[in-house]
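Here is what each chain is made of, one letter per residue.
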Amino acid sequence: MKNANLPISTPFTQLLGCDFPIIAGPMFLVSNDKLVTAVSSAGGIGAMPSLNWRSSEEFRQVIRTVKAKTKKPFGVNLIVNQANPRQHADLDICAEEKVPLVITSLGNPKEAIRKMHQVGGKVFCDVTDLSYGKKVEDLGADGVIAVSAGAGGHAGPISPLVLIPYLRRHLRIPIVAAGGIATGEQMAAALLLGASAVQIGTRFIASEESPVDSAYKKAILNSSPEDIVLTKKISGTPAAVINTPYIEKQGLDLNPIESFLFKHPKTKKYMKMARAYIGSKALEQAVSGTTWKEVWSAGQGVGLIDSILPSAQIIENLVAEYYEACQKLCSPQKTETVASTP
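Criteria and cut-off values
- Residues numbered from 1 in each chain as written.
- Predicted model: local features only at pLDDT ≥ 70, side-chain atom pairs only at ≥ 80, totals over all residues.
- Heavy atoms only, no water.
- Helix = DSSP H or I, 4+ residues; strand = E, 2+ residues; numbered from the N terminus.
- Buried < 20%, exposed > 50% of the residue type's maximum accessible area, 1.4 Å probe, protein only.
- Contact = heavy atoms within 4.5 Å.
- Areas by Shrake-Rupley, 256 points an atom, 1.4 Å probe, with all protein chains shown as cover.
- Patch = residues over 30% accessible without salt bridge, like charges linked within 9 Å, V, L, I, M, F, W, Y side chains within 5 Å.
- Salt bridge = Lys/Arg side-chain N within 4 Å of Asp/Glu carboxyl O.
- Axes fitted to C-alpha atoms, helices over the stretch in contact; angles between N-to-C directions.
- Parallel < 35°, antiparallel > 145°, perpendicular 65-115°, else oblique.
- Left-handed = near helix turned anticlockwise from the far one by under 90°.
- Pairing = 2+ DSSP bridges.
- Right-handed = clockwise from strand over helix to strand, strands pointing away.

Focus on the overall build of the protein chain
Tallying secondary structure elements over the protein chain gives 14 helices and ten strands in all. For the protein chain, the proportion of its 342 residues judged to be buried stands at 51%. Long-range contacts, defined as pairs at least 24 residues apart, comprise 62% of the intrachain contacts of the protein chain with a sequence gap of at least 6. Carbon together with sulfur atoms contributes 55% to the accessible area of the protein chain, which is approximately 16300 Å² in total.

Side note on a nonpolar patch on the surface
Judged by side-chain polarity, Leu161, Val162 and Tyr166 come together as a nonpolar surface patch covering roughly 300 Å² of accessible area. As for its position among the elements, leucine 161 is in helix H7 (residues 160–170).

Some details on the packing of helix H8 (residues 184–193) against helix H14 (residues 311–330)
It is at 7 Å that the axes of H8 and H14 come closest, and there the two elements cross at 60°. Taken together, the axis directions place H8 and H14 in an arrangement best described as oblique. Of the two elements, H8 crosses H14, and the hand of that crossing is right-handed. Only Leu318, Val319, Glu321, Tyr322, Ala325, Cys326 and Leu329 of H14 make contact with H8, whose side of the interface consists of Gly184, Glu185, Met187, Ala188, Leu191 and Leu192.

Examining the packing of helix H3 (residues 56–69) against helix H4 (residues 87–96)
At their nearest, the axes of H3 and H4 sit 10 Å apart, and the two run at 25° to each other. In terms of orientation, H3 lies roughly parallel with respect to H4. Crossing of H3 over H4 shows right-handed handedness. Within the contact between the two elements, H3 uses Ser56, Phe59, Arg60 and Ile63 and H4 uses Ala89, Asp90, Ile93, Cys94 and Glu96.

Quick notes on the sheet that holds strand S2 (residues 45–49)
Ordered by their spatial adjacency, eight strands build a closed barrel running S1-S2-S3-S4-S5-S6-S7-S8, and the pairing between neighbours is parallel. Shown here is a sheet whose adjacent strand axes are inclined to one another by a mean of 25°, direction ignored. The pairing of strand S5 (residues 122–127) with strand S6 (residues 143–147) spans four bridges and is classified as parallel. From the neighbouring strand, cysteine 125 faces S6, where its bridge partner is valine 144.

A word on the pairing of strand S8 (residues 197–200)
Judged by which residues are buried, S8 turns out to be covered on both faces: Ala197 and Gln199 on one side and Val198 and Ile200 on the other are all buried. Note: strand S1 (residues 22–24) against S8, three bridges, orientation parallel. Looking at S8, one finds that isoleucine 23 is bridged to glutamine 199. For the segment spanning strand S7 (residues 175–178), H8 and S8, crossover handedness is right-handed.

Considering the side chain of glutamate 137
Looking at the secondary structure, you find glutamate 137 in helix H6 (residues 130–139). Assessed through its relative accessible area of 8%, glutamate 137 is described here as buried. Every residue in contact with glutamate 137, bar those within four places of it in the chain, is listed here: His170, Leu171, Arg172 and Ile173.

Here we look at unusual backbone geometry
At leucine 29, a residue that is not glycine, the phi angle is positive and equals roughly 70°. Examined against the element boundaries, leucine 29 turns out to sit in the loop between S1 and helix H2 (33–41).

Digging into the pattern of salt bridges
This structure, assessed with the given rule, holds ten salt bridges. Arginine 60 is paired through a salt bridge with glutamate 57; the nearest N and O atoms lie 3.4 Å apart. Of the two residues, arginine 60 and glutamate 57 both sit in helix H3, three residues apart, roughly one turn of that helix. Here glutamate 57 falls in the partly exposed class, since its relative accessible area comes to 45%.

Comments concerning the environment of serine 41
With respect to the element layout, serine 41 can be found in helix H2. Counting along the chain gives 270 residues from serine 41 to serine 311, while the straight-line C-alpha distance between them is 9.7 Å. Not counting chain neighbours up to four residues away, the residues in contact with serine 41 comprise Thr70 and Lys72.

What follows is the structure, given as structure tokens:
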């Protein structure tokens, strides 16, 4: 493909030392060492959640496996709130192993920024609005992941057409666009709006390296944007999933008792932990294909995915499509005269 191997230089790629401004989003139970290594080796940034492994020591071993397989930069996602009892242990491991990029979610990233900066690591923080973006910038974050409407998992409420230029107007640090992105044309649009990179998740579920059950991959190929719904049943906060018969049967909202306990100061923390445990077990069983309870996380980008490919090929296609889109944008547009009818 023309230009498929030509690097794309942005503030993000310059900061991380990668060829392309593409992060394979860290996905629960999906992002394994094979997927991360394949994406990073292809010039992007493969990323994985630390909680994809049952213990911190298993997580450390996977980091070492990735480092042994590729010399390219990669990332780790850390949940940095009280609902994650491993946050401090996993952060220590990231610092000790000198992980190039840490992506924080759902909490205060202050300690992660401090520790990773001590070892030369970079920290990007998930944000869904400007107020939190300013907070993490003031704390020293190296960049933000602008999680917009259309993203899989815990999607933000604001359209990427608004959120990206809005953040760009007020922040000085690089912005990574996330939410429904599955093509190079979308990547070009995101960079035009002011992003320095894109984070793509759902497209890499339908990759050869993805370890999920074949039924999950087929669901990605066969679903449309209209099939993506937001449910509170997984974690207590709206999460984007494919609307399967099981999801329809369960409903999308918490029952009145759960809602009350989630809001009460004395029970909020424990309800989050309980719901996260229940939700993660449901996701784990669905991903491995050992249950009829089909709980499949995905974003609205499913409507643009029609093939299962090697991750390296996905990266190559994204870059080629990006350059084609840029060429079209810069070429004089042909105008057609439409005859008016009397």
